[in-house]
Amino acid sequence: MPKHGKKYNAADAKVDSSKLYTPKEAMTLVKELAGAKFDETVEVAIRLGVDTRKADQNVRGSISLPHGTGKTVRVAVFAEGEKAREAEAAGADIVGSDDLVKQIQDGELNFDAAIATPNMMAKVGRLGRILGPRGLMPNPKLGTVTMDVEKMVKELKAGRVEYRADRYGICHVPMGKASFEVQDLVENYGALYTELLRVKPSSAKGRYVKSIVVSSTMGPGVKIDPSVTRAFMD
């Protein structure tokens, strides 16, 4: 077992590990237990009853959280001409074509999310080995290969997050910062949970949501009751 410091152990002692908390109770407790000197990120880990080895059970997508994540997101856009100007006007941090491809090939990756217009994907495809493992590859399923670059730049800047079940069926998604109001964290959680229930694969067998744990960067995990599927602030 990993050893934890006194602060963590003191916080952990305040959590009833046998209890399933309501979303409101859980977020209140997580905020209270976030004792680091920096503004900790609040993350939820939702374990789904899916077999991600089966293509039709890959749970993946993206969603705009109503209150964002509290993180400054640097957005790169692969576009030319009018679409490049549109991206710049929308607030994209880096906009380019061949020059941006070369920059990335030279090892410069100073962005957190990438968008591409469909006609740029032949060029962007050459960056698959670099962008893919970092989760930065534009993807039509996630809405990041699009002609509506203005809308996607604004959504990413405002706090659009990606969810993806890993090989254990767990989705790790940031819900905001410990400095957020409880209601804002709960509403972000509610938006994500509603979305995950909406995209349940029809072939998934047994219980779909197995467990939910929320924690801050340095804090202990708090279990959330998966049976709460609406009225998240009660």
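Residues numbered from 1 in each chain as written. Predicted model: local features only at pLDDT ≥ 70, side-chain atom pairs only at ≥ 80, totals over all residues. Heavy atoms only, no water.

S.K.: Looking at this structure, how should I read the packing of aromatic side chains?
M.R.: Aromatic rings in a pair are described by how distant their centres are and how their planes are angled relative to each other. Tallied over the entire structure, the rule returns 3 aromatic pairs. When the centroid spacing of 5.9 Å and the interplanar angle of 90° are considered together, the rings of Tyr189 and Phe232 count as edge-to-face. Placement of the pair is Tyr189 in helix H8 (residues 182–198) and Phe232 in the segment after strand S9 (222–224), with a sequence separation of 43 residues. Here Phe232 falls in the buried class, since its relative accessible area comes to 13%. The interplanar angle of 70° and the centroid separation of 6.4 Å between the aromatic rings of Tyr193 and Phe232 together place this pair among those described as edge-to-face. With Tyr193 in helix H8 and Phe232 in the segment after S9, this residue pair connects regions lying 39 residues apart in the sequence. (Phe/Tyr/Trp six-rings, centres within 6.5 Å; stacked < 30°, edge-to-face > 60°. Helix = DSSP H or I, 4+ residues; strand = E, 2+ residues; numbered from the N terminus. Buried < 20%, exposed > 50% of the residue type's maximum accessible area, 1.4 Å probe, protein only.)

S.K.: I tried to follow the pattern of salt bridges on my own but got confused; where do I start?
M.R.: Between side chains of opposite charge, a pair can form as their charged atoms come close. Scanning the entire structure with this criterion turns up 14 salt bridges. For Asp98, the salt bridge identified is with Lys123, shortest N-O distance 3.3 Å. Here Asp98, found in helix H4 (residues 98–105), pairs with Lys123, found in helix H5 (residues 121–124); they are 25 residues apart in sequence, far enough to count as distant. For Lys123, a relative accessible area of 22% puts it in the partly exposed group. (Salt bridge = Lys/Arg side-chain N within 4 Å of Asp/Glu carboxyl O.)

S.K.: Can you help me understand the sheet that holds strand S3 (residues 75–78) in this one?
M.R.: Within a sheet, neighbouring strands are paired by backbone hydrogen bonds and run either parallel or antiparallel to one another. Ordered in space as S4-S3-S5, the 3 strands form an open sheet in which the pairing is parallel. What marks the edges here is a single partner per strand, and that holds for strand S4 (94–96) and strand S5 (113–116). Averaged over neighbouring strand pairs, the angle between their axes works out to 15° when direction is ignored. Note: S3 against S4, 3 bridges, orientation parallel. Note on S4: the bridge partner recorded for Ala76 is Ile94. In this fold H4 packs onto S3 and S4, with an angle of close to 125° to the strand it touches most, S3. (Pairing = 2+ DSSP bridges. Axes fitted to C-alpha atoms, helices over the stretch in contact; angles between N-to-C directions. Contact = heavy atoms within 4.5 Å.)

S.K.: What should I look at first to understand the environment of Val50 in this one?
M.R.: Position of Val50 among the secondary structure elements: in the loop between strand S1 (41–48) and strand S2 (60–64). On a C-alpha basis, the gap between Val50 and Lys210 in space is 9.8 Å, while along the polypeptide they are 160 residues apart. Residue contacts for Val50: discarding those within four places in its chain leaves Gln57, Val59, Ala165, Gly169, Pro201, Ala204 and Tyr208.

S.K.: Quick question: what am I supposed to make of the pairing of S3 here?
M.R.: Side-chain positions along a regular strand alternate between the two faces of the sheet. Burial of S3 is two-sided: the residues Val75 and Val77 facing one way and the residues Ala76 and Phe78 facing the other way are all buried. Pairing analysis gives 4 bridges linking S3 to S5, with the strands arranged parallel. Residue pairing across strands places Ala76 opposite Ala114, the latter belonging to S5. You can see the chain leave S3, run along helix H3 (residues 81–90) and come back into S4, and the turn it takes is right-handed. (Right-handed = clockwise from strand over helix to strand, strands pointing away.)

S.K.: What is the right way to look at the nonpolar core in this model?
M.R.: Note that soluble globular proteins tend to have their nonpolar side chains buried in a common cluster. In this structure, Met27, Val44, Ile46, Met175, Tyr189, Leu192 and Val214 are the most contacted members of the largest nonpolar core, which totals 40 residues. Of the residues forming this core, the biggest block, 7 residues, is contributed by H8. If you look at the next biggest cluster of nonpolar residues, it comprises 15 residues, including Ala84, Ala87, Ala90 and Val153. (Core = buried A, V, L, I, M, F, W, Y, C linked by side-chain atoms within 4.5 Å.)

S.K.: Any chance you could explain the sheet that holds strand S7 (residues 170–177) here in plain terms?
M.R.: Read from one edge of the open sheet, 4 strands run S7-S1-S8-S9, paired in antiparallel fashion. Two strands in the sheet have a free side with no partner beyond their single neighbour: S7 and S9. If you compare each strand with its neighbour and ignore which way they point, the axes differ by 25° on average. Lying over the sheet, H8 contacts S1, S7, strand S8 (209–216) and S9, oriented at roughly 155° with respect to S7.

S.K.: Where do I start with H4 in this structure?
M.R.: Residues lying three or four places apart along an α-helix face the same way, a consequence of the helix completing one turn every 3.6 residues. Listing the buried residues of H4 in full gives Leu100, Val101 and Ile104. What you see down the axis of H4 is that its buried residues fit within an arc of 105°, all on one side. Contact partners of the buried residues in H4: S3, S4, H5 and helix H6 (128–131). At the C-terminal side of H4, Gly107 shows a positive phi close to 95°. (Arc of directions from axis to C-beta.)

S.K.: Any chance you could explain the layout of surface pockets here in plain terms?
M.R.: It is a probe the size of a water molecule, rolled over the atoms, that shows where empty space is left. Approximately 650 Å³ is the volume attributed to the largest pocket. Elements that contribute at least two residues to the lining of the largest pocket include exactly S2, S5, strand S6 (160–164) and S7. It is S6 that contributes the most residues to the lining of the largest pocket, 4 residues altogether. Each residue belonging to the lining of the largest pocket can be placed in one class, and the counts come to 9 nonpolar, 6 polar and 8 charged. (1 Å grid on protein atoms, 1.4 Å probe; cavity = no way out; pocket = protein on both sides within 12 Å on 5 of 7 lines; lining within 4 Å. Points joined across faces, edges and corners; volume = space filled by probe spheres on them. Nonpolar A, V, L, I, M, F, W, Y, C, P; charged D, E, K, R; others polar.)

Just distances and angles here, no functional claims.
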